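In case you want the letters, here they are:
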Amino acid sequence: MLPQEFLERMQGMLQSEYPLFLQSLEQKKYQSLRINPQKGSREDFLKKSPFALSEVEWEKNGFYYEETDRPGRHPYHEAGVYYIQEASAMAPAVYLDAQPGEQVLDLCAAPGGKSTQIAAAMEGRGILLCNEIHPARAKILSENVERMGIINALVTNETPDRLAEHFPEYFDRILVDAPCSGEGMFRKNEAACDEWSPDNVQMCAGRQDEILDRAAQMLRAGGRMVYSTCTFAPAEDEGSIMRFLRRHPDFTIENAEKTGGMDGGHPEWVPEEETDGNCGIPKSAALTRTIRLWPHKVKGEGHYLAVLRKEGDVPAGYRGRCRFGTEAGIAKKDCEGYLQFQAENLKTAFDGVFLKFGDQLYLAPENTPSLRGLKALRPGLHLGTMKKNRFEPSHALAMALKPQEAARSLALAADSAECRAWLNGMTLSAQGEKGWYLVTADGYSIGWGKLAGTVLKNHYPKGLRKNF
């Protein structure tokens, strides 16, 4: 049952469209996924795909699948070939338009759909900081970054206040997918209805103001910021943007081209006292540039987004500086175990800075900002464990590799009994040179195995094992 106060407000907002909106909430939700181009080409996946797919109009790698498909129960999911993501939720990262080599922040990043989408756009180059304030959700975020084979992401578990202290005017682009009242997910998540109240809407709006203020501090001059929510509430959408512009007259709303049934923002839904002010833009021109996605107009759930630009420019080649400079890393002589493993088992070498935490070795992107004083779950690509007299590679390293980048690999068919057994933690019989093997499913990496004699020992993490 939808809250009565919510229904009354929506009727006042939508007027003649209200019956269509109500009808859409009674229909089945759309199911969608987004291909991970880091794992292979779009064309190659479409040739192999066991699912019935149709395109999401605003995301070139987004596809709807049928209700009878089960992509979450397929080896391709475990290989990070795609991310199951609601179609409307793909839009904010598209409009962020992150570029390879940039410094990008996803401020409210869990569970990782938008972070991994941004990473795909960055093509493994630059620095992507993915942050989540809640520890349990930050852990899930880190796991999804690993599954998708991302090599240039840092994962932190911090407050926006703490990050703003460390990264003044540092980032080229920032995504603020803000915590909200979740009205746009009522069809997808019925539990969200039980948590809804007018007071919660106002509480979320106040929290969004604080988060946006901290994000503004971290964006460099001329930088791009995208604000998004999954709610219909004007106080959290157009209202949040207009309040932000009143507080930050150095920002303007960029025009966001609409596609696939997207609607513009509605200035008439914002209280008069929250409009205009010192923002320098007439309220009607400003808010109609923002985007609303309605479930009765697009094949997706409810979403809102606005593209903001900070005035000014920076010199060519500008790179923001964080509070404590960049990570110096450790000397290569302290990574001899890994370097020997690399020489014996890999045909590639990643560029970056070696970092060591206890016996765990990471490779951070070049010019990685110092994470001193911050809670970092993943300070780059986890390479593995430096054990006494040997190095054991991590699952994250396997997920970041392609078969041609490993000295030895074992190819399994994704629909085979051997592949299902492997993902369940079973050993396999194999012939060949002893040592580490990159195990693949239809050419997509799914983990490490170590061959001794004719037995390939399974190093697929126990916490990820499942019956297919």
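Predicted model, so just to flag it, every value in this text is computed and none were measured.

**A word on the layout of surface pockets**
Within this model, the largest pocket holds a volume of roughly 1200 Å³. Lining the largest pocket are 43 residues, and of these A110, R137, D177, A178 and P179 sit closest to its centre. Of all the elements in the fold, those that place two or more residues in the lining of the largest pocket are β4 (82–84), α6 (113–122), α8 (160–166), α9 (191–195) and α10 (198–218). Here the lining of the largest pocket takes five residues from α10, the largest share from any one element. Residues of the lining of the largest pocket, tallied by class, amount to 19 nonpolar, twelve polar and twelve charged. What the second largest pocket holds in volume is close to 460 Å³.

**Thoughts on the nonpolar core**
In terms of nonpolar packing, the biggest core is built from 37 residues, with L107, F167, I174, V176, M218, M225 and I241 touching the most fellow members. At five residues, the largest contribution of residues to this core is made by α10. In this structure L107 touches N131, E132, P160, L163, L175, V176, I211, A215 and M218, once residues within four positions along its chain are discounted. By size, the runner-up hydrophobic cluster in this structure holds 34 residues, among which are W58, C130, M262 and L293.

**A short note on the packing of aromatic side chains**
Overall, the coordinates contain 25 aromatic pairs when judged by the stated rule. Judged by centre distance (6.0 Å) and plane angle (70°), the ring pair of F6 and W196 falls under edge-to-face. Residue F6 is found in helix α1 (residues 4–14), and its partner W196 is found in the loop between α9 and α10; the two are separated by 190 residues along the sequence. Here F6 falls in the buried class, since its relative accessible area comes to 0%. On the basis of an interplanar angle of 50° and a centroid distance of 5.5 Å, the ring pair of F341 and F391 is categorised as tilted. Taken as a pair, F341 in helix α13 (residues 336–345) and F391 in strand β18 (residues 390–393) lie far apart in primary sequence, 50 residues in all. For F341, a relative accessible area of 4% translates into the label buried.

**Some words on unusual backbone geometry**
Residues other than glycine predominantly adopt negative phi, and peptide bonds predominantly adopt the trans conformation. For the peptide bond that leads from A110 to P111, omega is 5°, which places it in the cis range. Among the structural elements, P111 can be located in the loop between β5 (103–106) and α6. You will see that Q15, though not glycine, has its phi angle at about 55°, which is positive. Inspection of the secondary structure assignment puts Q15 in the loop between α1 and α2 (18–26). Look at Q15 and you get exposed, because its relative accessible area is 54%. Even without a glycine there, the phi angle at E123 is positive, about 55°. Examined against the element boundaries, E123 turns out to sit in the loop between α6 and β6 (127–131).

Calculation rules
- Residues numbered from 1 in each chain as written.
- Predicted model: local features only at pLDDT ≥ 70, side-chain atom pairs only at ≥ 80, totals over all residues.
- Heavy atoms only, no water.
- 1 Å grid on protein atoms, 1.4 Å probe; cavity = no way out; pocket = protein on both sides within 12 Å on 5 of 7 lines; lining within 4 Å.
- Points joined across faces, edges and corners; volume = space filled by probe spheres on them.
- Helix = DSSP H or I, 4+ residues; strand = E, 2+ residues; numbered from the N terminus.
- Nonpolar A, V, L, I, M, F, W, Y, C, P; charged D, E, K, R; others polar.
- Core = buried A, V, L, I, M, F, W, Y, C linked by side-chain atoms within 4.5 Å.
- Buried < 20%, exposed > 50% of the residue type's maximum accessible area, 1.4 Å probe, protein only.
- Contact = heavy atoms within 4.5 Å.
- Phe/Tyr/Trp six-rings, centres within 6.5 Å; stacked < 30°, edge-to-face > 60°.

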